[in-house]
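Survey of secondary and tertiary structure
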Amino acid sequence: QVQLVESGGGLVQAGGSLRLSCVASGRTVSNNYVGWYRQVPGNQRELVAAINSGGGSINYADSVKGRFTISRNNVKNTVYLQMNSLKPEDTAVYYCSLRSGWDDYWGQGTQVTVSS
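Right, let's walk through the structure included here. Everything numeric here is computed off the predicted structure, so don't read it as measured data. (Residues numbered from 1 in each chain as written. Predicted model: local features only at pLDDT ≥ 70, side-chain atom pairs only at ≥ 80, totals over all residues. Heavy atoms only, no water.)

We now examine the pairing of strand E9 (residues 92-100). Within E9, seven of the nine residues are buried, leaving the element largely enclosed by the surrounding structure. In this structure, strand E4 (residues 33-39) lies alongside E9, joined through seven bridges in antiparallel fashion. Across the sheet, the residue bridging to Gly35 is Ser97, located in E9. Here E9 runs beside strand E11 (residues 110-115); their pairing, made up of three bridges, is antiparallel. In the strand pairing of E11, Ala92 is matched with Val112. (Buried < 20%, exposed > 50% of the residue type's maximum accessible area, 1.4 Å probe, protein only. Helix = DSSP H or I, 4+ residues; strand = E, 2+ residues; numbered from the N terminus. Pairing = 2+ DSSP bridges.)

Structure, rendered in C-alpha coordinates:
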(Lines give C-alpha, C1' and ligand atoms only; values in the text may rest on other atoms or scores of the structure.)
Protein backbone atom coordinates (compact mmCIF):
# COMPACT_ATOMS: atom_id res chain seq x y z
CA GLN A 1 0.00 0.00 0.00
CA VAL A 2 1.37 3.40 -1.00
CA GLN A 3 0.96 6.33 1.36
CA LEU A 4 2.09 9.92 0.99
CA VAL A 5 1.82 12.15 4.05
CA GLU A 6 2.38 15.89 3.65
CA SER A 7 3.19 18.36 6.38
CA GLY A 8 4.58 21.85 6.80
CA GLY A 9 1.73 23.98 5.55
CA GLY A 10 0.40 26.95 7.45
CA LEU A 11 -0.18 30.67 7.50
CA VAL A 12 2.67 32.97 6.56
CA GLN A 13 3.03 36.62 5.60
CA ALA A 14 3.99 37.63 2.10
CA GLY A 15 7.74 37.40 1.65
CA GLY A 16 8.04 34.58 4.16
CA SER A 17 9.09 30.97 3.73
CA LEU A 18 7.72 27.50 4.35
CA ARG A 19 9.08 24.03 3.77
CA LEU A 20 6.68 21.27 2.88
CA SER A 21 7.56 17.63 3.49
CA CYS A 22 6.09 14.48 1.97
CA VAL A 23 6.96 11.17 3.57
CA ALA A 24 6.38 8.19 1.29
CA SER A 25 5.79 4.57 2.19
CA GLY A 26 5.22 1.61 -0.07
CA ARG A 27 7.32 3.10 -2.88
CA THR A 28 10.71 4.75 -2.95
CA VAL A 29 11.06 8.38 -3.97
CA SER A 30 14.53 7.73 -5.36
CA ASN A 31 13.41 5.80 -8.43
CA ASN A 32 9.96 7.22 -9.13
CA TYR A 33 8.62 10.48 -10.49
CA VAL A 34 7.68 12.74 -7.58
CA GLY A 35 6.06 16.13 -7.67
CA TRP A 36 4.23 18.87 -5.84
CA TYR A 37 0.94 20.21 -7.16
CA ARG A 38 -1.44 22.84 -5.85
CA GLN A 39 -5.11 23.59 -6.17
CA VAL A 40 -7.32 26.57 -5.43
CA PRO A 41 -11.07 25.94 -5.07
CA GLY A 42 -12.74 26.20 -8.45
CA ASN A 43 -9.48 25.75 -10.35
CA GLN A 44 -7.70 22.74 -11.76
CA ARG A 45 -4.81 21.19 -9.90
CA GLU A 46 -1.55 22.54 -11.31
CA LEU A 47 2.02 21.33 -11.29
CA VAL A 48 4.35 23.30 -9.05
CA ALA A 49 7.57 21.26 -9.25
CA ALA A 50 8.63 17.73 -10.10
CA ILE A 51 11.66 15.44 -10.27
CA ASN A 52 11.77 12.61 -12.77
CA SER A 53 12.55 9.07 -11.72
CA GLY A 54 16.22 9.31 -12.59
CA GLY A 55 16.64 12.63 -10.86
CA GLY A 56 18.22 14.16 -13.92
CA SER A 57 15.32 16.46 -14.73
CA ILE A 58 13.57 18.95 -12.48
CA ASN A 59 10.67 21.06 -13.69
CA TYR A 60 9.09 24.14 -12.15
CA ALA A 61 6.02 26.14 -12.97
CA ASP A 62 7.04 29.52 -14.36
CA SER A 63 5.25 31.23 -11.49
CA VAL A 64 7.55 29.67 -8.87
CA LYS A 65 10.91 29.55 -10.67
CA GLY A 66 13.63 31.14 -8.57
CA ARG A 67 11.49 31.01 -5.42
CA PHE A 68 10.68 27.31 -4.86
CA THR A 69 13.04 24.35 -4.70
CA ILE A 70 12.09 20.68 -4.84
CA SER A 71 14.43 18.09 -3.37
CA ARG A 72 14.35 14.59 -1.99
CA ASN A 73 16.10 12.65 0.74
CA ASN A 74 16.38 9.05 -0.36
CA VAL A 75 17.39 7.81 3.10
CA LYS A 76 14.27 9.33 4.66
CA ASN A 77 12.18 8.54 1.58
CA THR A 78 10.92 12.10 1.72
CA VAL A 79 10.32 14.84 -0.82
CA TYR A 80 10.55 18.50 0.13
CA LEU A 81 9.34 21.77 -1.32
CA GLN A 82 11.20 24.81 -0.03
CA MET A 83 9.10 27.89 -0.71
CA ASN A 84 10.69 31.32 -0.37
CA SER A 85 9.44 34.82 -1.14
CA LEU A 86 5.89 33.63 -0.83
CA LYS A 87 3.12 35.64 -2.44
CA PRO A 88 -0.62 35.76 -1.71
CA GLU A 89 -1.22 34.04 -5.06
CA ASP A 90 0.69 31.01 -3.74
CA THR A 91 -2.23 30.34 -1.40
CA ALA A 92 -3.59 26.87 -2.16
CA VAL A 93 -3.78 23.29 -0.98
CA TYR A 94 -0.49 21.62 -1.87
CA TYR A 95 -0.41 17.93 -2.79
CA CYS A 96 2.46 15.52 -3.07
CA SER A 97 2.34 13.02 -5.92
CA LEU A 98 4.28 9.90 -6.84
CA ARG A 99 4.03 8.07 -10.15
CA SER A 100 4.98 4.42 -10.27
CA GLY A 101 4.47 2.78 -13.62
CA TRP A 102 0.91 3.55 -14.71
CA ASP A 103 -0.26 4.47 -11.21
CA ASP A 104 -0.46 7.93 -9.65
CA TYR A 105 -0.59 8.31 -5.91
CA TRP A 106 -1.58 11.43 -3.96
CA GLY A 107 -1.28 12.70 -0.45
CA GLN A 108 -4.12 14.28 1.47
CA GLY A 109 -2.87 17.81 0.90
CA THR A 110 -1.64 20.59 3.16
CA GLN A 111 -3.00 24.12 3.21
CA VAL A 112 -0.69 27.04 2.53
CA THR A 113 -2.08 30.51 3.15
CA VAL A 114 -0.06 33.64 2.40
CA SER A 115 -1.38 36.88 3.80
CA SER A 116 -0.66 40.23 2.21
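Sheets are built from strands paired through backbone hydrogen bonds, the pairs being either parallel or antiparallel. Across the sheet, four strands lie side by side as E1-E3-E8-E7; this open sheet has antiparallel pairing. Strand pairing shows two members of the sheet lacking a second neighbour, strand E1 (3-7) and strand E7 (68-73), which therefore form its edges. Taken pair by pair, the neighbouring strands of this sheet meet at an average axis angle of 15°, ignoring direction. (Axes fitted to C-alpha atoms, helices over the stretch in contact; angles between N-to-C directions.)

Counting across every chain of the model gives one aromatic pair. For the cation-ring pair, Arg45 lies above Tyr95, with the distance from its terminal atom to the ring centre recorded as 3.7 Å. Above the plane of the ring of Trp106 lies Arg45, whose end atom (NZ or CZ) is 4.6 Å from the centre. (Phe/Tyr/Trp six-rings, centres within 6.5 Å; stacked < 30°, edge-to-face > 60°. Lys NZ or Arg CZ within 6 Å of the ring centre and 35° of its normal.)

Before going further, it helps to examine the environment of Arg45. Structurally, Arg45 is set in the loop between E4 and strand E5 (46-51). Its relative accessible area of 33% is what places Arg45 among the partly exposed residues. Along the backbone, Arg45 and Tyr95 are 50 residues apart, and their C-alpha atoms lie at a distance of 9.0 Å. Among all residues touching Arg45, those that are not within four sequence positions of it are Tyr37, Arg38, Gln39, Tyr95 and Trp106. Of note is the side chain of Arg45, whose polar atom sits 3.3 Å from the side chain of Gln39. (Contact = heavy atoms within 4.5 Å. Polar contact = N/O pair within 3.5 Å; in protein donor to acceptor, adjacent residues only side chain to side chain.)

In terms of nonpolar packing, the biggest core is built from 26 residues, with Trp36, Val48, Phe68, Leu81, Met83 and Tyr94 touching the most fellow members. Where this core is concerned, the elements lending two or more residues are strand E3 (18-25), E4, E5, E7, strand E8 (78-83), E9 and E11. Excluding anything up to four places from it in sequence, Leu81 contacts Leu18, Arg19, Leu20, Trp36, Val48, Ala49, Phe68, Thr69, Ile70 and Tyr94. (Core = buried A, V, L, I, M, F, W, Y, C linked by side-chain atoms within 4.5 Å.)

One pass over the full model with this rule turns up five salt bridges. Arg38 is the partner of Asp90 in a salt bridge, and the nearest nitrogen-oxygen pair spans 3.0 Å. You can see Asp90 sitting in the loop between E8 and E9 and its partner Arg38 sitting in strand E4, a full 52 residues away along the chain. Judged by relative accessible area, which is 7%, Arg38 ranks as buried. Close ionic contact of Asp62 with Lys65 constitutes a salt bridge, the shortest N to O distance being 3.1 Å. Lys65 carries the same exposure label as Asp62, and that label is exposed. Among the charged side chains, a network of salt bridges with common partners joins Arg38, Glu46, Arg67 and Asp90. (Salt bridge = Lys/Arg side-chain N within 4 Å of Asp/Glu carboxyl O.)

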